[in-house]
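# Tertiary structure, described
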Protein chains: 2
Amino acid sequence: MLADRNREWFAAQNILALNLVSSPGSGKTTLLERTLRDLKEKYEMSVIEGDQETVNDAERIRATGCNAVQINTGTGCHLEAEMLASGLAQLEPPPNSILFIENVGNLVCPAMFDLGERAKVAILSITEGEDKPLKYPHMFQASELMLLNKIDLLPHLNFDIEKCIAYAHDVNPAIKVLKVSATTGEGMYEWYDWLASRSFRWSFASK
Amino acid sequence: MLADRNREWFAAQNILALNLVSSPGSGKTTLLERTLRDLKEKYEMSVIEGDQETVNDAERIRATGCNAVQINTGTGCHLEAEMLASGLAQLEPPPNSILFIENVGNLVCPAMFDLGERAKVAILSITEGEDKPLKYPHMFQASELMLLNKIDLLPHLNFDIEKCIAYAHDVNPAIKVLKVSATTGEGMYEWYDWLASRSFRWSFASK
């Protein structure tokens, strides 16, 4: 299976590959931009961007100084292991690095497709409503971590953050939840701690 | 084709069937609740709710006094014409009425599936970012109307509303755009005017 081949290659290269999944507009790209800027002195990082159309996101990522390859899926609703493999051939991520795979914005289909990643990370914007883990359980079952993003907007919304976390645990008792704002930076250091804890050999090469 | 059979049945019954499509969390259900409450003295209306799991949305709709049937798609990412047909058999929408079909929250896959509806209506929350029509062009090409929802949050966001509308017109020059807030009610009357203008025989039975 091609996903397994990707996984073996990541393991051999000591590359931490994370599959970022969410609805459109959850703030994935903004979260990545901030992560890359904050951590670029510490780690080698690169990005595969999935979108139906446009190369906008890869351009935003490259502006941070990191390598990025854009995969356009056309009418396709998710990335597949084969697309990732061809993106990797173009991107050539270095050994001992982190690879972020930004999937097509879709809270349904990417849940079903293993790309060979180490883990799926679900990003949920609090503007989407607290019921989303119940209504789209497959995505939250498939993810190790849920980043509750845009918490800076909490004062302007009617969003019950504890209820949302309880719903996520209803569908996946093991899911870890972090509250973040990629815009203000709140909570981002816990996400960086989680990243550090997930490296294959418990240490990345320092730059 | 089953979609055509649905369409013929809607025409024969003078039922205006609208397929509401959007990302998860765009506010479709809240928009429907307000629409049903505001127009229930004027029209017969009923709702088919699509979600991967839960019957929450159908319960919210029934609380407005309108009939609703929930279709759970499980791992499926969109409604199909056959699911709609079986939902209709259960719902039994009356002649001379409006049927709202709330599709699974997914800005990708429902664009490809004709249910036999009169029109697709795309709902985009301004919290999702102005680039979405470019990144998910198929949905905006397939839709007659785009409702830009949650405009009450505009002061708290960095969202360029004119740019978003220009992007929507880039991918579909014919798409009509209305700015609404289902929470505050702003702009909703233009949506109601659009609804009135779309009836099959230019008149619904008055209640």
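None of the values given here were measured: they were computed from a predicted structure. (Residues numbered from 1 in each chain as written. Chains lettered and ligands numbered in written order. Predicted model: local features only at pLDDT ≥ 70, side-chain atom pairs only at ≥ 80, totals over all residues. Heavy atoms only, no water.)

### Topic: the relation of the copies chain B and chain A
Rotating chain B by 180° and translating it 0.0 Å along the rotation axis places it on chain A, where the RMSD comes to 0.0 Å. Overall, the copies show the geometry of a two-fold rotation axis. (Least-squares fit on C-alpha atoms with pLDDT ≥ 70 in both.)

### Some points on the sheet that holds strand β1 (residues 16-22) of chain B
All names here are of chain B. Taken together, the seven strands give an open sheet; going across it, the order is β3-β2-β4-β1-β5-β6-β7, and neighbouring strands pair in parallel fashion. One side of each edge strand has no neighbouring strand; the edge strands of this open sheet are β3 (67-72) and β7 (176-179). Strand-to-strand twist across the sheet, computed as the mean angle between neighbouring axes with direction ignored, equals 20°. Of the pairings in the sheet, the one linking β1 to strand β4 (residues 98-102) comprises five bridges and is parallel in character. (Pairing = 2+ DSSP bridges. Helix = DSSP H or I, 4+ residues; strand = E, 2+ residues; numbered from the N terminus. Axes fitted to C-alpha atoms, helices over the stretch in contact; angles between N-to-C directions.)

### With respect to the interface of chain B and chain A
On the side of chain A, 33 residues touch chain B, which itself brings 33 residues to the contact. For the pair chain B and chain A, the two sides together bury roughly 2,600 Å², of which 59% comes from carbon and sulfur. In terms of surface lost to chain A, no three residues of chain B exceed P24, Q52 and K135 of chain B, which account for 22% of the buried area on that side. Counting across the chain B and chain A interface gives four salt bridges. In this structure, D51 of chain A and K135 of chain B form a salt bridge, with 3.7 Å as the shortest nitrogen-oxygen distance. Secondary structure elements with two or more residues in the side of chain B that touches chain A: α3 (56-62), α5 (132-135) and α6 (137-142) of chain B. (Contact = heavy atoms within 4.5 Å. Buried area = accessible area lost by both parts, 1.4 Å probe. Salt bridge = Lys/Arg side-chain N within 4 Å of Asp/Glu carboxyl O.)

### Observations concerning the side chain of K132 of chain B
For K132 of chain B, the location among the structural elements is in helix α5. For K132 of chain B, the side chain forms a polar contact with the side chain of D131 of chain B, separated by 2.6 Å. Setting aside residues no more than four positions away along its own chain, K132 of chain B makes contact with P24 and G25 of chain A together with L107, L124 and F140 of chain B. (Polar contact = N/O pair within 3.5 Å; in protein donor to acceptor, adjacent residues only side chain to side chain.)

### As for helix α1 (residues 2-13) of chain B
Residue and element names in this part refer to chain B. Helix length check: α1 (12 residues) gives 17 Å between terminal C-alpha atoms against 16 Å at 1.5 Å per residue, within 8%. Where the residues of α1 are buried, they touch β1, α4 (81-91) and β4. At the C-terminal side of α1, N14 shows a positive phi close to 55°. (Expected span 1.5 Å × (residues − 1).)

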